[in-house]
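Close look at the chain arrangement
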Amino acid sequence: MNKEVLKQVIIEGQESKLPDIITRDMEIPLSSRKIITVTGPRRSGKTYLLFLVMKNLLSQGIPRAKIIYINFDDPRLLPSSGKEIELVLEAYRELYPEYREDMVYLFLDEVQNIKDWELGIRRLYDTRQFQIFLTGSSSKLLSKDIATQLRGRAINYELLPFSFREILWSRGITEHKNLSYSQDRFLVKKYLEEYLEMGGFPEVILETGREIKTKILREYVETIFFRDLIERYNIRNQVMLRELIRYLSTNTATVFSLNSFYKWIRNTYPITLRTLLNYVTYLEDIGLFFFIRRYSFSLKEQAKTLRKPYIVDNGIRYAYGFRFSEDKGKTLENSVFLELKHKKTKDPFMDIYYWNDYRGKEIDFVVTKGENIRSLIQVCANIEDIKVRGREVSALIKGYKELNCKDLLIITLDYEKEESIEGLTVRFIPFWKWAIDF
């Protein structure tokens, strides 16, 4: 890394006009004694979240000269090592000697591109002259990597693709008490149909053509997830990895048995159970899939239960998995999970489980906060079917009796009602209303 080039990058960043930014439903502290890190899939909007934080600083009167933005995807800065990051301090002091004793706000984008980056970051942090904000793609910089390498110095925020509320914000629609009666309600339902199919990646949302949206999503799988997985974990059985991704994409929101999948797949692809387990762990580590456990009052029992997979974006599932007639129900359930996951990123005490009993009654989501069960949630796209409706309600009633939670909710596509069943109140609410008024 050359100091003069670094000065050029700093000045270019300060002279550049910050782009128009869609507000995200995430609060990043502007002043903290910790390093603030933002991780998440590529193309989920991490850079623009940094720009949003920078705009907030400017609105508070922080001079532009005290804000440094460096993107380590810039080829002029590569290759570099962690030891060279200290040149940022030298370059800045030479550019702005009048601020050498002041707090400076340092934004480093895609920091994982720097070898041994943590060495330089810890050095800058220890000077106490920088409030540091970092981003890293989850396929290359895991939250557990940050915890290990920064050793208690950082607070991590996980950024996902747009939630449904953020999608509405991007379309100029804000929630208000009369939204159900306004003309905007028709647009809300239109955008919901698009979201259930194409997901929430910002670039995909801003495109207009269905064909180009699908092409972008397929590229994401190949470049953001698949290639990074192979490089990070040196995966040799790439064909098997593709099959696993396709299987989990297709069977989102269905209890996943590793042993059953292994018995089926080993007849076609030679693989050990340990390797398969590693692949599943990798997919979870990089945030392509999330796996939730069955709720139990016993932690030991929770650890032994089968898990249910959910995918980070509905669009990835649409572009990469097989599709069947019942997909709308699975897609809706995946959407509910993602909304809960967005909530969990802001509430560290919240957890998400599923629940079932030995007779096969199942509750899609058990939402807890600390030791308390807050909600039992069913997801049903076909609520008009009497048998389906009866099954969902009876599972909630059984869940109440077993788990002692009275907040019983069924999330639907468009049906809304509140019913008293066996002395309990069961609320039916459309997904879009639930999502924007979470």
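All residue numbers here refer to positions counted from 1 along the written sequence of the relevant chain. Given that the model is predicted, a residue must reach a pLDDT of at least 70 before its local features are reported, and side-chain atom pairs must reach 80 or more before they are shown or counted; all residues, however, enter totals for whole chains, interfaces and linings. Calculation of side-chain values draws on the structure's entire complement of heavy atoms; hydrogens and water are dropped beforehand.

Strand order in the open sheet formed by 5 strands is β2-β3-β4-β1-β5, with parallel pairing between adjacent strands. The open sheet has two edge strands with one neighbour each: β2 (67–71) and β5 (154–158). With strand direction ignored, the average angle separating the axes of adjacent strands in the sheet is 15°. Any two strands are treated as partners once DSSP identifies two or more bridges connecting them. Labels follow the DSSP assignment, with helices taken as runs of H or I lasting at least four residues and strands as runs of E lasting at least two, numbered in each case from the N terminus. Where β2 lies against strand β3 (residues 104–109), 5 bridges are found, and the strand directions are parallel. Residue pairing across strands places I67 opposite Y105, the latter belonging to β3. Contact between two residues is taken to exist if any of their heavy atoms lie within 4.5 Å; hydrogens are not considered. The axes are straight lines fitted to the C-alpha atoms, using for helices just the contacting stretch, and the angles between their N-to-C directions are given from 0 to 180°. Contacts between helix α4 (residues 117–126) and the sheet are confined to β1 (35–40), β3 and β4 (130–137), with β4 contributing the most and set at about 160° to the helix.

Exposure is judged per residue with a 1.4 Å probe applied to protein chains only, and the accessible area is read against the type maximum: over 50% gives exposed, under 20% gives buried, and values in between give partly exposed. Judged by how many residues are buried, β4 sits mostly within the fold: 8 of 8 residues are covered. A two-sided burial pattern is seen for β4, the buried positions comprising F130, I132, L134 and G136 on one face and Q131, F133, T135 and S137 on the other. The pairing of β1 with β4 spans 5 bridges and is classified as parallel. By the bridge assignment for β4, T37 is matched with L134. Across 5 bridges, the pairing between β3 and β4 is parallel. By the bridge assignment for β4, L106 is matched with I132. The definition of a right-handed crossover adopted here requires that, viewed with the strands pointing away, the path from the first strand over the helix to the second runs clockwise. Crossover β3 to β4 through α4 is right-handed.

Taken together, 6 strands build an open sheet; the order of strands is β8-β9-β10-β11-β13-β12 and the sheet is mixed. At either end of the open sheet lies a strand with only one pairing partner, and these are β8 (350–356) and β12 (417–421). The average angle at which neighbouring strand axes cross in this sheet is 25°, direction not considered. Two elements, strand β9 (residues 362–369) and strand β10 (residues 372–379), share 5 bridges in a ladder whose sense is antiparallel.

Expected span of a helix: the number of residues minus one, times 1.5 Å. The end-to-end C-alpha distance of helix α7 (residues 184–198), which contains 15 residues, comes to 20 Å, matching closely the 21 Å that a straight helix rising 1.5 Å per residue would cover. Residues of α7 that are buried include every one of V188, Y191, L192, Y195, L196, E197 and M198, and no others. Elements in contact with the buried residues of α7: α6 (164–170), α8 (202–206), α9 (210–233), α14 (314–320), α15 (327–346) and α17 (431–436). Where α7 terminates, the next one or two residues include G199, which has phi positive at roughly 80°.

Turning our attention to the nonpolar core. The biggest cluster of nonpolar side chains holds 80 residues, and the ones touching the most others in it are F164, L244, L288, F365, F431 and W434. Considering each element in turn, this core owes the most residues, 10 residues, to α9. Among residues more than four places away in sequence, those in contact with L288 are F225, I245, L283, Y310, I311, V312 and I316. Nine residue types can take part in a nonpolar core, namely buried Ala, Val, Leu, Ile, Met, Phe, Trp, Tyr and Cys, and a core is a set of them joined through side-chain atoms within 4.5 Å.

Let us now look at unusual backbone geometry. Most of the time, phi is negative for any residue but glycine, and the peptide bond is trans. The linkage connecting L78 with the following residue, P79, adopts the cis geometry, with an omega of -5°. Position of P79 among the secondary structure elements: in the loop between β2 and α3 (87–95). For D116, which is not a glycine, the phi torsion comes out positive at approximately 55°. Checked against the element boundaries, D116 lands in the loop between β3 and α4. For D116, a relative accessible area of 37% translates into the label partly exposed.

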